[in-house]
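# Structural overview
Single-letter residue listing:
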Amino acid sequence: MVILLPMHALKLRKQIATARTLERRKELFRELPALHAEIVEAIDRAQQAGDIVPGDAAEAGKLMGRLFTELYKGYEEYEEVKFMIDFDEMLREHKYLEELRIHAEEAEQRAEEAEKRNRESEKRNRESEKRNREVMRQSIRNFKALGLPDEQIAAAMGLSLEEVVSIG
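All of these numbers come straight from a predicted model, not from anything done at the bench. Here the residue index of a chain counts from 1 through its sequence in written order. Under the rules for a predicted model, residues below a pLDDT of 70 receive no local features and side-chain atom pairs below 80 are neither given nor counted, while totals for whole chains, interfaces and linings still include all residues. Only hydrogens and water are set aside; all other atoms, that is, all heavy atoms of the structure, feed into the side-chain values.

### Observations regarding the overall build of the chain
- Comment: elements are numbered from the N terminus, with helices defined as DSSP H or I runs of at least four residues and strands as E runs of at least two. Within the chain one finds seven helices and zero strands.
- Relative to its full complement of 168 residues, the chain shows a buried share of 21%.
- Throughout, a contact is declared for two residues whenever any of their heavy atoms are within 4.5 Å. Taking as baseline every contact in the chain between residues at least 6 positions apart, the subset at least 24 positions apart corresponds to 54%.
- For the accessible areas, the method is Shrake-Rupley and the probe is 1.4 Å, while residue cover comes only from the protein chains on display. Carbon and sulfur atoms make up 54% of the accessible area of the chain, which totals about 12000 Å². Working definition: with a 1.4 Å probe on protein chains only, accessible area under 20% of the residue-type maximum means buried, over 50% means exposed, and in between means partly exposed.

### Comments concerning the pattern of salt bridges
- In the sections that follow, a salt bridge refers to a side-chain nitrogen of Lys or Arg positioned within 4 Å of a carboxyl oxygen of Asp or Glu. Taken as a whole and judged by the stated rule, the model has seven salt bridges.
- The salt bridge partner of E27 is R24, with a shortest N-O separation of 2.7 Å. Placement of the pair is E27 and R24 together in helix α2 (residues 22-29), with a separation of three residues, close to one helical turn.
- What makes E27 partly exposed here is its relative accessible area of 39%.
- Between E129 and R133 there is a salt bridge, and its shortest N-O distance comes to 3.9 Å.

### Some details on the environment of R137
- Within the secondary structure layout, R137 lies in helix α5 (residues 79-145).
- By relative accessible area, which is 29% here, R137 ends up partly exposed.
- For the pair R137 and V164, spaced 27 residues apart in the sequence, the C-alpha separation amounts to 8.6 Å.

### Observations concerning the nonpolar core
- Membership of the largest hydrophobic core comes to 18 residues, with the highest contact counts inside it found for L12, I16, L35, I39, F68 and Y72.
- Sequence-distant contacts of I39, that is, excluding residues within four places in its chain, are made with L5, P6, M64 and F68. Residues belong to a common nonpolar core when they are buried Ala, Val, Leu, Ile, Met, Phe, Trp, Tyr or Cys residues joined through side-chain atoms within 4.5 Å.

### Things to note about the confidence of the model for the chain
- Confidence scores here are pLDDT values: one per residue, from the predictor, ranging 0 to 100. Scored by pLDDT, the chain comes out at a mean of 81, with 83% of its residues at no less than 70.
- Of all secondary-structure elements in the chain, the lowest mean pLDDT belongs to helix α4 (residues 54-72), at 77, while helix α6 (residues 150-157) reaches the highest, 89.

Now the structure itself:
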């Protein structure tokens, strides 16, 4: 069905070009918005059914818009053509803005997740530092309990004498 719609657009364009009267041409142009809407709806239905992914649906919409613009340029004096071309531009802009909004939301979500991971990492680092300080205090106390002088403890642990005195 979807493939037949662009063919119908081509057939309609040929009928318009060969129309013998202005009234017949106007009559044919009145079919254009419905055909255009049918194509847009067919693309949307295919996307909703999962037959095509959103990116492919957007691309199909762009291609259909280009097809209609190419087929009917030169007929912009007809309200139906002007509306259709304006609608295609608006639709492309809307889909582009929707894609930007989705990307912005995804980026914001990734940033929030990264911030959460950073906070969790910082918390683990603080807890690790706290455990390390406690192990160091305990080691200094154990060395002092063995009767080792503060200078020897500082040298063995790679600390300054002031740190050993203040920690112990």
